[in-house]
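Overview (structure and organization)
If you want the building blocks of each chain, they are given just below.
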Amino acid sequence: NIVQVMFFVGKGLEDPSVVDELFDVEKMPRKPNYKMADDFPLVLHRCEFNDLRLVNSPSNLWELQMNMERRWERLALKASQLRNQIESLGVENHVGTDELWDFAKESLGKWRRVAGAEAKA
């Protein structure tokens, strides 16, 4: 995906000109068929612009902080709900030791059959 291309450019594994080529509509007349990258693990830690100083007003900073705190609160609540649901799985659904061992043996047998078939191929 395009994030990988940008990552490779940032690491010096691709020439930065590859980005210009990808966005050159004469060379690439169609929209690239990239998978959308999952935005969840992406974190922008720091961003710098040459000769540009961004100035924020106190009211803009206040609104930004309030917005981020509301988002954090909503996500923290959702994370707590999910943690509770995960924990309740173990409490509400009892699986006996014999059932667990049967499941483990069956899963291991399937894995061995697949691994054996791949080794023969």
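Residues numbered from 1 in each chain as written. Predicted model: local features only at pLDDT ≥ 70, side-chain atom pairs only at ≥ 80, totals over all residues. Heavy atoms only, no water.

Across its full length, the chain holds 4 helices and 0 strands. N-terminal to C-terminal, the α/β element order of the chain is α-α-α-α. Compactness check: the chain gives a C-alpha radius of gyration of 25 Å against a globular reference of 14 Å for 121 residues, more than 25% above the reference. Judged by the C-alpha coordinates and their principal axes, the chain covers about 70 × 50 × 25 Å. Summed over all atoms, the accessible surface of the chain reaches about 12200 Å², with 58% contributed by carbon and sulfur. Distance between charge centroids for the chain: 4 Å, based on 17 positive and 20 negative side chains. (Helix = DSSP H or I, 4+ residues; strand = E, 2+ residues; numbered from the N terminus. Rg over C-alpha atoms; globule rule 2.2 N^0.38 Å. Areas by Shrake-Rupley, 256 points an atom, 1.4 Å probe, with all protein chains shown as cover. Lys, Arg positive; Asp, Glu negative; His and termini not counted. Charge placed at Lys NZ, Arg CZ, Asp CG, Glu CD.)

Attention shifts here to a nonpolar patch on the surface. Together, F7, F8 and L13 make up an exposed nonpolar region whose accessible area comes to about 320 Å². You can see L13 is positioned in the loop between α1 (2-10) and α2 (17-22). L13 sits in the exposed class, given a relative accessible area of 61%. (Patch = residues over 30% accessible without salt bridge, like charges linked within 9 Å, V, L, I, M, F, W, Y side chains within 5 Å. Salt bridge = Lys/Arg side-chain N within 4 Å of Asp/Glu carboxyl O. Buried < 20%, exposed > 50% of the residue type's maximum accessible area, 1.4 Å probe, protein only.)

The tally for this structure, following the rule as stated, stands at 1 salt bridge. A salt bridge links K110 to E106, with the shortest nitrogen-to-oxygen separation between them at 3.3 Å. With a gap of 4 residues between them, K110 and E106 both fall in helix α4 (residues 97-120), about one helical turn apart. The class of K110 is partly exposed, set by a relative accessible area of 43%. Residue E106 is classed as partly exposed on the basis of its relative accessible area, which comes to 48%.

Membership of the largest hydrophobic core is limited to 5 residues, which are V5, V9, V18, V19 and L22. At the level of elements, α1 and α2 are the ones that each hand at least two residues to this core. It is α2 that contributes the most residues to this core, 3 residues altogether. Those residues in contact with V9, other than ones at most four positions away along the chain, are E14, D15, P16, V18 and V19. (Core = buried A, V, L, I, M, F, W, Y, C linked by side-chain atoms within 4.5 Å. Contact = heavy atoms within 4.5 Å.)

Looking now at the layout of surface pockets. Estimated volume of the largest pocket: approximately 270 Å³. Around the largest pocket, the lining residues are F40, M68, R71, W72 and L75. Grouping the amino acids of the lining of the largest pocket by side-chain chemistry returns 4 nonpolar, no polar and 1 charged. (1 Å grid on protein atoms, 1.4 Å probe; cavity = no way out; pocket = protein on both sides within 12 Å on 5 of 7 lines; lining within 4 Å. Points joined across faces, edges and corners; volume = space filled by probe spheres on them. Nonpolar A, V, L, I, M, F, W, Y, C, P; charged D, E, K, R; others polar.)

In this model, D51 sits at a positive phi of 55°, which is unusual for a non-glycine residue. Looking at the secondary structure, you find D51 in the loop between α2 and α3 (58-92). Look at D51 and you get exposed, because its relative accessible area is 86%.

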